Amino acid sequence: MTDAKAPAASDSSRLAARLDDSDPPWPLRPWIMAAICALAGLIYYQVTKRPWLHPFERWQIAGATFVSVSSIAFVLGVELRRWRWAASFALLWGGILALIGWQSATSNVDGIPIEWPFWSGVLAVLVATPLFQTRRDVAPDWRFWKLWAMPYERLHSHAWTDAVIGAASLAFVGITFLLIVLIGQMFKLIGINLIYDLLNDEWFGWMLAGAAFGGAVGLLRERDKLVATLQRLVMIVLAVLAPVLAVALVLFLVSLAGTGLQKLWDSGFSTAALMMAVAAFAVLLANAVIGNGSDDRATNPALRWAAPVLAVAVLPLAIIALYSMMLRIDQYGWTPERIWGVIAAMIALAYGLAGLWAVVRGRRDFDDWLRPLQQKLAIALMLLALFLALPIVDFGAISTRDQLARLNAGTTKPEKFDWAAMAFDFGPSGRAALAVLARSPEKARADAATAALAAKNRWDLLGPRGPTLLKPFAERLRVVPADRALPTEAIDRIAGSYMCSRAKACVAVWLDDRRLGVLGQTAPGESLNVDFVTQNDAGQWVVGDRTVAAAGQKPAVDLSKARIEVETVSQRRITVDGVAQSGSFE
């Protein structure tokens, strides 16, 4: 009689290794998440599809932002338990970021939404996600106030786990693309081009990226016990660096007492950015040492002493960063970037004060005081980032008023005035101010403002001459032969090209029915910019010689018997006053 065998573990239990017993196994999660993100990738492609070189419409920016943010927030934060909460959270933040993207594209002359308010909104949703996950786990109902009453250990664990899962999933996307490229090339060798052609289709790339990311997140979420172990391993590795940074910071701050701050200003590097980056690393490493709770803190004496040093060191670093920013503002005035820099320094200052308070009150057990403070600071950071991302406070208007006041008071000379920032960084307020300055009785100021308004990009306003008022492009363009007109599309391409966008003289030479040689010169006597503008197979005029035919396949020869000759060929090239300016073609 054979012994009875224990029943095999179910597929669900083998597939799932959940950290929280309240979360049941969800074997289909990877497939569902992959499908959601693949669909999101396809929708993203469809929404952002536009004619070649045509700028994005505002609705496209808002739609693409909504799809990407809501789908990523959902797959990162969803559980079977209270999944409707996750859907509502994702849709809410998708809508908020879409509004921010719409507003940023409206304010930006280039129609690009990736500006500081957008990144502030991204920071808000990144901080809000672990807060939501923790509240979902412990809240008795849907009411979300009293966020500070949540257990820190779970909140800290969610934050680190989200970071590990997100980073690992992005790495998986890269590996997936590499694998598919290799497979495509392998089949291409035997004449099967299906996969190779699919990879060249943009819609397939977005779907593949979405499916890979969603599938990886789903797999890792179903094994969050393993992820928690990986997270702990990451924290242990980072904690090893804490004494190194602590000793370096002590030596640096002690050295400053002898050298003074002037060497920082003379270094040529952004002191504020460097100090805040080091402060961020100090906060990160200190948290790696103290862990999720008292039972999770490092026991090594060197690590235990390094953590309070790092927590306290954030304060002087933040003070140096803030002082550096204020010196810069006193010299050159306010700009949106400097306002954001001051805000970042103030946030670092708040973290530094919290660290100092915790160390003074708790000494070696400072982390018991620091954790609740960090939880409150995280909530405040989320609310502040959201407030600053929304179109409530106009940093462009603040900067415009300050820069105009400096210009009118003579603090900033017209030749030193940042006309590019006024045109492209300060939003509608800056361009409205330029319109007023363009009517100034001072000719130099009026010409500079008019040139800034007419510029198609900020780079046209940079250089030793600053903004230069140019004649209309039609008056600067000469066509050879003169009796052959240029298509409107070709004129637009030439006008926006690097050869002629800021050239005082521009010449377009017909080479054949679909190719032009273009020469531009910023001032008489200066070197020429020369390139080709050609019409491709899709009928679009592009910069570069895209019509040169590939050389045909050469017949096999027997060199020992072949006839050898020297052949004279005629080639064409563009000359100016008899001097060749282009390479030979044809």
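Residues numbered from 1 in each chain as written. Predicted model: local features only at pLDDT ≥ 70, side-chain atom pairs only at ≥ 80, totals over all residues. Heavy atoms only, no water.

Focus: the state of the cysteines
Applying the stated rule across the entire model yields 1 disulfide. The disulfide that involves Cys 500 links it to Cys 506, with 2.0 Å between the sulfurs. With the S-S dihedral at roughly 75 degrees, the linkage between Cys 500 and Cys 506 falls on the right-handed side. As far as the burial class goes, Cys 500 and Cys 506 line up, both buried. (Disulfide = S-S within 2.5 Å. Buried < 20%, exposed > 50% of the residue type's maximum accessible area, 1.4 Å probe, protein only.)

As for the pattern of salt bridges
On inspection of all chains with the given rule, the structure shows 15 salt bridges. Across the pair Glu 222 and Arg 29 runs a salt bridge, and its minimum N-O distance is 3.0 Å. Here Glu 222, found in the loop between α8 (202-221) and α9 (224-240), pairs with Arg 29, found in helix α2 (residues 29-48); they are 193 residues apart in sequence, far enough to count as distant. Grouping residues by exposure puts Glu 222 and Arg 29 together as buried. The salt bridge involving Arg 136 is made with Asp 137; its shortest N-O contact spans 3.1 Å. Judged by its relative accessible area of 2%, Arg 136 is buried. Given a relative accessible area of 16%, Asp 137 falls into the buried group. In the salt-bridge network here, residues are joined through shared partners; they are Arg 81, Arg 136, Asp 137 and Arg 154. (Salt bridge = Lys/Arg side-chain N within 4 Å of Asp/Glu carboxyl O. Helix = DSSP H or I, 4+ residues; strand = E, 2+ residues; numbered from the N terminus.)

Description of the packing of helix α3 (residues 58-77) against α8
Relative orientation and spacing of two packed helices are given, respectively, by the angle between their axes and the distance between those axes. Two elements in contact, α3 and α8, have axes separated by 9 Å at closest approach and are oriented at 20 degrees. In terms of axis orientation, α3 runs roughly parallel to α8. Crossing hand, α3 versus α8: right-handed. Two secondary-structure elements touch here, α3 through Ile 72, Val 75 and Leu 76 and α8 through Phe 213, Val 217 and Arg 221. Each residue belonging to the contact of α3 with α8 can be placed in one class, and the counts come to 5 nonpolar, no polar and 1 charged. (Axes fitted to C-alpha atoms, helices over the stretch in contact; angles between N-to-C directions. Parallel < 35°, antiparallel > 145°, perpendicular 65-115°, else oblique. Left-handed = near helix turned anticlockwise from the far one by under 90°. Contact = heavy atoms within 4.5 Å. Nonpolar A, V, L, I, M, F, W, Y, C, P; charged D, E, K, R; others polar.)

What to know about the sheet that holds strand β2 (residues 505-512)
Across the sheet, which stays open at both edges, the 5 strands sit in the order β1-β2-β3-β4-β5 with mixed pairing between neighbours. In this open sheet, the two edge strands, each paired with only one partner strand, are β1 (477-480) and β5 (541-543). Between one strand axis and the next, the sheet turns by 25 degrees as a mean value, whatever way the strands run. Relative to strand β3 (residues 515-521), β2 is paired through 7 bridges, and the arrangement is antiparallel. In the sheet register, Val 509 faces β3, and the bridge partner there is Gly 517. Along the sheet, helix α21 (residues 488-495) contacts β2, β3, β4 (529-535) and β5; its crossing angle with β5, the most-contacted strand, is approximately 20 degrees. (Pairing = 2+ DSSP bridges.)

Looking at α2
For α2, spanning 20 residues, the distance from its first C-alpha to its last is 28 Å, which sits close to the expected 28 Å at 1.5 Å a residue. All of the buried residues along α2 are Arg 29, Pro 30, Met 33, Ala 34, Cys 37, Ala 38, Ala 40, Gly 41, Tyr 45, Val 47 and Thr 48. For α2, the elements touching its buried residues are α3 and α8. (Expected span 1.5 Å × (residues − 1).)

Thoughts on the packing of aromatic side chains
Each aromatic ring pair is described using two quantities: the centre-to-centre distance and the angle formed by the ring planes. Enumeration according to the criterion identifies 9 aromatic pairs in this entry. Note on Trp 116 and Trp 340: the rings are 6.3 Å apart at their centroids and 25 degrees apart in plane angle, and the pair reads as stacked. Remark: Trp 340 occurs in helix α14 (residues 336-362) and Trp 116 occurs in helix α5 (residues 116-138); sequence separation between them is 224 residues. On the accessibility criterion, Trp 340 (11% relative accessible area) is buried. When the ring centre of Trp 510 is taken as origin, the NZ or CZ atom of Arg 484, which lies over that ring, is 3.9 Å away. (Phe/Tyr/Trp six-rings, centres within 6.5 Å; stacked < 30°, edge-to-face > 60°. Lys NZ or Arg CZ within 6 Å of the ring centre and 35° of its normal.)

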